[in-house]
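Observations on the three-dimensional arrangement
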Amino acid sequence: MSKTTTKTADTIENIEFPSFDASKATDQFRAFAEKGVEQSKEAYTKLKSGAEETQKVLESTYETAKTVSSDLSLKTIAVLRANAEADFSHLEALVGAKTLSEVVELQTAFLRKRAEMAVEQAKDFQAVASKAVEDVSKPVKTAFEKAFKDIKAA
């Protein structure tokens, strides 16, 4: 047993335990904390600029939608006015008709004219609506393209 005890005592004397230097740990912790604060500031700046850009896009989209809605409303009112005028002029012509054949002729011409008018109005309304959709979606589309370009760059 004395041999084992001597061997253990020799081994313990030869082992060196690493010393803990608190100043190095403090410096490393400080560097880590400063890096974390810097990254947080960068993330906040990116978030803030993204929110501001989103707000601008939404404001632009709202203003465009408001303008386009006004255009569509004016176009609808113009169509309704033209239809009402055509109906009243047709009614006046029917009241002035003297024979049944004249009424049939007026009615046939009116229906043909109304069909042509309806097709023309539908084309005009479709063009205005297509332009409206394009104008309203343009700011959002541009924002998405920019965001995807930024994501690909990162």
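Check the entry above for the structure.
All of the points below concern the structure found in this document. Quick caveat: nothing in here was measured; it's all calculated off a predicted structure.

1. A few points about the overall build of the protein
Helix and strand counts for the protein come out as 3 helices and 0 strands. In sequence order, the secondary structure elements of the protein are arranged as α-α-α. Considering the protein as a whole, with its 154 residues, one finds that 8% of them fall into the buried category. When contacts within the protein are restricted to residue pairs at least 6 apart in sequence, those whose partners lie at least 24 apart make up 74%. Of the roughly 13200 Å² that the protein leaves accessible, carbon and sulfur atoms contribute 62%.

2. Topic: the side chain of Thr-64
Residue placement: Thr-64 occurs in helix H2 (residues 22-95). A polar side-chain atom of Thr-64 sits 2.8 Å from the main-chain carbonyl oxygen of Ser-60. Thr-64 has contacts with Asp-135 and Val-136, leaving out every residue within four places of it along the chain.

3. Some remarks on the pattern of salt bridges
In this structure the tally under the stated criterion is 5 salt bridges. Note that Lys-75 and Asp-124 form a salt bridge whose closest N and O atoms lie 3.7 Å from each other. Of this pair, Lys-75 sits in helix H2 while Asp-124 sits in helix H3 (residues 100-153), placing them 49 residues apart in sequence. Given a relative accessible area of 25%, Lys-75 falls into the partly exposed group. Here Asp-87 makes a salt bridge to Arg-114, at a shortest N to O gap of 3.9 Å. Taken as a pair, Asp-87 in helix H2 and Arg-114 in helix H3 lie far apart in primary sequence, 27 residues in all.

4. Some words on the side chain of Asn-83
Checked against the element boundaries, Asn-83 lands in helix H2. In contact with Asn-83, not counting residues within four places along its chain, are Arg-114, Met-117 and Gln-121.

5. Regarding H3
Look at H3: 77 Å from first C-alpha to last across 54 residues, which is about the 80 Å you get at 1.5 Å a residue. Of all the residues in H3, the buried ones are Phe-110, Met-117, Gln-121, Ala-132 and Pro-139.

6. Points about a nonpolar patch on the surface
Nonpolar side chains collect at one region of the surface, where Val-140, Phe-144, Phe-148 and Ile-151 lie side by side and expose about 420 Å² of accessible area between them. When you line up the elements, Phe-148 lands in helix H3. Since its relative accessible area comes to 52%, Phe-148 is described here as exposed.

Rules used in this analysis
Residues numbered from 1 in each chain as written. Predicted model: local features only at pLDDT ≥ 70, side-chain atom pairs only at ≥ 80, totals over all residues. Heavy atoms only, no water. Helix = DSSP H or I, 4+ residues; strand = E, 2+ residues; numbered from the N terminus. Buried < 20%, exposed > 50% of the residue type's maximum accessible area, 1.4 Å probe, protein only. Contact = heavy atoms within 4.5 Å. Areas by Shrake-Rupley, 256 points an atom, 1.4 Å probe, with all protein chains shown as cover. Polar contact = N/O pair within 3.5 Å; in protein donor to acceptor, adjacent residues only side chain to side chain. Salt bridge = Lys/Arg side-chain N within 4 Å of Asp/Glu carboxyl O. Expected span 1.5 Å × (residues − 1). Patch = residues over 30% accessible without salt bridge, like charges linked within 9 Å, V, L, I, M, F, W, Y side chains within 5 Å.

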